[in-house]
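# Per-entry structural report
In case you want the letters, here they are:
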Amino acid sequence: MKSDEGAGNVSISTEVFNGVAEQEPPASPTNGSSQPLTDRALPKSVGWKQKCASYVLALRPWSFSASLTPVALGSALAYRSEGTLDFVVFLMCAVAVLAVHGAGNLVNTYYDFSKGIDHKKSDDRTLVDQILEPQDVVRFGVLLYTLGCVCAGSLYFLSKLRLEHMALIYFGGLSSSFLYTGGIGFKYVALGDLVILITFGPLAVMFAHAVQMMHLRLEPH
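Residues numbered from 1 in each chain as written. Predicted model: local features only at pLDDT ≥ 70, side-chain atom pairs only at ≥ 80, totals over all residues. Heavy atoms only, no water.

The name recorded for the protein chain in an unreviewed UniProt entry is UbiA prenyltransferase domain-containing protein 1, from Engystomops pustulosus. UniProt's Subcellular location (unreviewed entry) comment on the protein chain is quoted here verbatim: "Mitochondrion membrane". (UniProt positions renumbered as here; feature names shortened; annotations may be inferred.)

Shown next, in the form of structure tokens:
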């Protein structure tokens, strides 16, 4: 009797073990749908057209009238004084000012995001919505500052304006565009509007006027 009971126990234990071994493995976790998380499709890579559009939006092109208007005004004052206008110099000046303006916008985007000022309800959500990565904004800003410097160097040879005058005006504007939010961060100490007023006011007008006139005048007429 004991031998039969022992055999029966072995048989039952074997059946239980086999039943457990034959159970199906647990299902993969899902995200609320029938498709497992492990099988989810990876996000598609962004196309080059969408990437270019993202860079253009990051520049905030709707604000460029603030830099083109003083360039046009300074050139118009030079034309009124001399009766001539060098169109190549005008275009080069416009590109230089636009490049500095666009780079300044990117610096503003980067530092506002880094300081936690930009959020989902902000006007500029380039980095908040991950339209671009911070390193993309930095690289693009460096590229635009470089482009502006190349244009300023070309203007030196085209207009024959004295180097110290060219450097004083151009790098004064470049520094202001960066220091608006970078470095000192005038914007964060209630001096941002003053910096913008000076940079895209008399300084830009003086720059456009000087490269046309080939000399610096503090009072264009």
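To continue, consider the packing of helix 4 (residues 87-114) against helix 7 (residues 192-213). Packing of helix 4 against helix 7 brings their axes to within 9 Å, and their N-to-C directions diverge by 150°. With respect to each other, helix 4 and helix 7 are oriented roughly antiparallel. For the pair helix 4 and helix 7, the crossing hand works out as right-handed. Residue-level inspection shows Val89, Phe90, Cys93, Val97 and His101 of helix 4 in contact with helix 7, the latter providing Phe200, Phe207, Ala208, Val211 and Gln212. Taken together, the residues that form the contact of helix 4 with helix 7 break down as eight nonpolar, two polar and no charged. (Axes fitted to C-alpha atoms, helices over the stretch in contact; angles between N-to-C directions. Helix = DSSP H or I, 4+ residues; strand = E, 2+ residues; numbered from the N terminus. Parallel < 35°, antiparallel > 145°, perpendicular 65-115°, else oblique. Left-handed = near helix turned anticlockwise from the far one by under 90°. Contact = heavy atoms within 4.5 Å. Nonpolar A, V, L, I, M, F, W, Y, C, P; charged D, E, K, R; others polar.)

Taking the numbering used here, the UniProt-annotated feature "transmembrane region" (unreviewed entry) corresponds to residues 85-104, 137-158, 167-188 and 194-211. Split by type, residues 167-188 is 59% helix and 0% strand. Its first and last C-alpha atoms lie 27 Å apart. In residues 194-211, the share of helix is 100% and the share of strand is 0%. The end C-alpha atoms are 25 Å apart.

Another point: the packing of aromatic side chains. The tally for this structure, following the rule as stated, stands at seven aromatic pairs. The interplanar angle of 70° and the centroid separation of 4.9 Å between the aromatic rings of Tyr55 and Phe140 together place this pair among those described as edge-to-face. In this pair, Tyr55 is assigned in helix 2 (residues 48-58) and Phe140 in helix 5 (residues 134-159), connecting sequence segments 85 residues apart. Aromatic ring contacts, followed pair by pair, group Tyr110, Tyr111 and Phe178 into a single cluster. (Phe/Tyr/Trp six-rings, centres within 6.5 Å; stacked < 30°, edge-to-face > 60°.)

With that settled, the discussion passes to the confidence of the model for the protein chain. Per-residue pLDDT for the protein chain averages 80, and the proportion of residues at 70 or more is 76%. This model gives residues 28-44 a pLDDT under 50, and the stretch forms 11 contacts once residues within four places in sequence are excluded. (pLDDT = per-residue confidence, 0-100.)

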